[in-house]
Amino acid sequence: MQRVSKERNMTLLMDFYELTMSYNYFKLGKTDEIVYFDMFYRKNPDNGGFVLFAGLQQLIECIKDMRFSEGDIDYLRSLNQFDEDFFDYLRNFRFTGTIYSMKEGTPVFPYEPLITVKAKLVEAQLIETFVLVTINHQSLIATKAHRIVQEAKGRAVMEFGARRAQGYDGANYGARAAYIGGVMGTATVMAGKDFGIPVLGTMAHSFVQSFNSEYQAFEAYAKVYPDNCVLLVDTYDTLKSGVPNAIKVAQEVLIPMGKRLKGIRLDSGDIAYLTKKARMMLDIAGLTDCKITVSNALDEYLIRSILEQGAQIDSFGVGENLIVSKSSPVFGGVYKLAAVEKDGTIIPKIKISENVEKITNPGYKKVYRLIEKETNKAIADIITFYDETLDENQDLTIYHQNNIWKNKTLYAGTYEIIPLQVTVFDEGECIYPEYSLNEIREYSKKQKDLLWDELLRLEYPHTYYVDLSKKLLDYKLKMLEEKRGV
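Because the structure is a prediction, the values reported are computed rather than measured.

K.L.:
Explain the sheet that holds strand E8 (residues 230-232) to me, please; I cannot follow it from the model alone.
P.N.:
Note on sheets: strands pair through backbone hydrogen bonds, and any given pair is parallel or antiparallel. The 6 strands are arranged E7-E6-E11-E10-E9-E8 in an open sheet whose pairing can be described as parallel. Each edge of the sheet is formed by a strand with only one pairing partner; in this case those strands are strand E7 (185-186) and E8. Pairing of strand E6 (residues 156-159) with strand E11 (residues 315-318) involves 4 bridges; the strand directions are parallel. The partner of Ala 156 across the bridge, within E11, is Ser 315. Lying on the sheet, helix H12 (residues 271-284) is in contact with strand E9 (263-266) and strand E10 (291-294); it crosses E10 at an angle near 160°.

Set out below in structure tokens:
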């Protein structure tokens, strides 16, 4: 079951200004006004080519379970900021709005709406932190995992990061996100229980040290786990002690039992050099099927480097650099008002800034992916007003988000249009299926196959087009001109 435990009341996991704003709306009688918010981001972490969207299932459960308990209200009363009428409102609070979202595991790009919330004003405001903290964290870790798995070039990657994670939830949900990103298992047992991720692990250096000799430690482990014996060989001296003792245990303990040494693990030293030497020693001893696993503060760049040096590695254990996305630890998703509804009319809203990248796209919108039929590759995403109609049998011109002269025309019959958002909540009712983690992972793999290789580069990836329809761009420029006049 992929859910936040109901034993925890998460409702007050919100920024205080969400409550102060909501109280103002309540006092002004604006609680039932319909508004539209977009959750999007502006920059790919690690200057990468895209982000893997993750965390939707947990967000759904948080919103479904959102209830203000009497304990919550007692605490808010103690702040002396709100009145009893507002507390009565909170007692009966339920999310009754509509939410559209990308499917979990989708590759996504800057400035496109990942989540669109259409709801009563206070409802839309009070879920802001839930949306951001959940999607920002898991999308960040899923994306980092993808980068690491990509550079492993088909070798298995295991997530080993719990002890370096930012707290309990960072470890558990980070492991979930990493699995979406492509790792094949985790060392975090709770993640195995909660999400069905394969759990992996053998021994630490302390296990080896607890015996009178390294050989005795290996012998004891082999006798208890003869079918899955992986030995940590760098406690003392990898080449003079660890690997020779592993070979000795394989020959003297496992082979007489009709078993084989499954693998060795290195956690320190010059990984490229040591794995080449260890591979040679294992092969000479007839243990050509013995796998070599390495760990020790790995990331995508170090993995790429040691493989280029000819390292003999079958799998990687990656910890701290993955579970906190150490090289780019913040994912800057934002939640911005896009429109309000008055008497059934949707009125676009825009945020303007001296920083061009902070100017928002106004209005209630939809986002589509355009697939080139000849190559079956994604060539662009397009953001439109919600009521625009796109026709694959017509030429389509897409426009840069701020400059009308930057445009590209796709010709009729050469492209396919894929809607990217699906309905998650419909007037308060969750209608989104609860996909298994393996289903999300497989969906993500298929979606990544639609991307050009140029988008997958670690350095200087191709910039993917996220453009606007002519109607939306014209309206945006008109609003900018009007605001500039003010």
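K.L.:
Would you mind going over the packing of aromatic side chains with me for this structure?
P.N.:
Each aromatic ring pair is characterised by the separation of its centres together with the angle its planes make. Scanning the model with the defined rule gives 23 aromatic pairs in all. Arranged with centres 6.2 Å apart and planes meeting at 15°, the rings of Phe 86 and Tyr 89 form a pair that is stacked. Of this pair, Phe 86 and Tyr 89 both sit in helix H4 (residues 84-91), 3 residues apart, roughly one helical turn. By relative accessible area, which is 0% here, Phe 86 ends up buried. Taking the centre distance of 5.6 Å and the plane angle of 90° together, the rings of Phe 385 and Tyr 475 count as edge-to-face. Placement of the pair is Phe 385 in strand E15 (residues 377-385) and Tyr 475 in helix H16 (residues 470-485), with a sequence separation of 90 residues. Given the relative accessible area of 7%, Phe 385 is considered buried.

Parameters at a glance
- Residues numbered from 1 in each chain as written.
- Predicted model: local features only at pLDDT ≥ 70, side-chain atom pairs only at ≥ 80, totals over all residues.
- Heavy atoms only, no water.
- Pairing = 2+ DSSP bridges.
- Helix = DSSP H or I, 4+ residues; strand = E, 2+ residues; numbered from the N terminus.
- Contact = heavy atoms within 4.5 Å.
- Axes fitted to C-alpha atoms, helices over the stretch in contact; angles between N-to-C directions.
- Phe/Tyr/Trp six-rings, centres within 6.5 Å; stacked < 30°, edge-to-face > 60°.
- Buried < 20%, exposed > 50% of the residue type's maximum accessible area, 1.4 Å probe, protein only.

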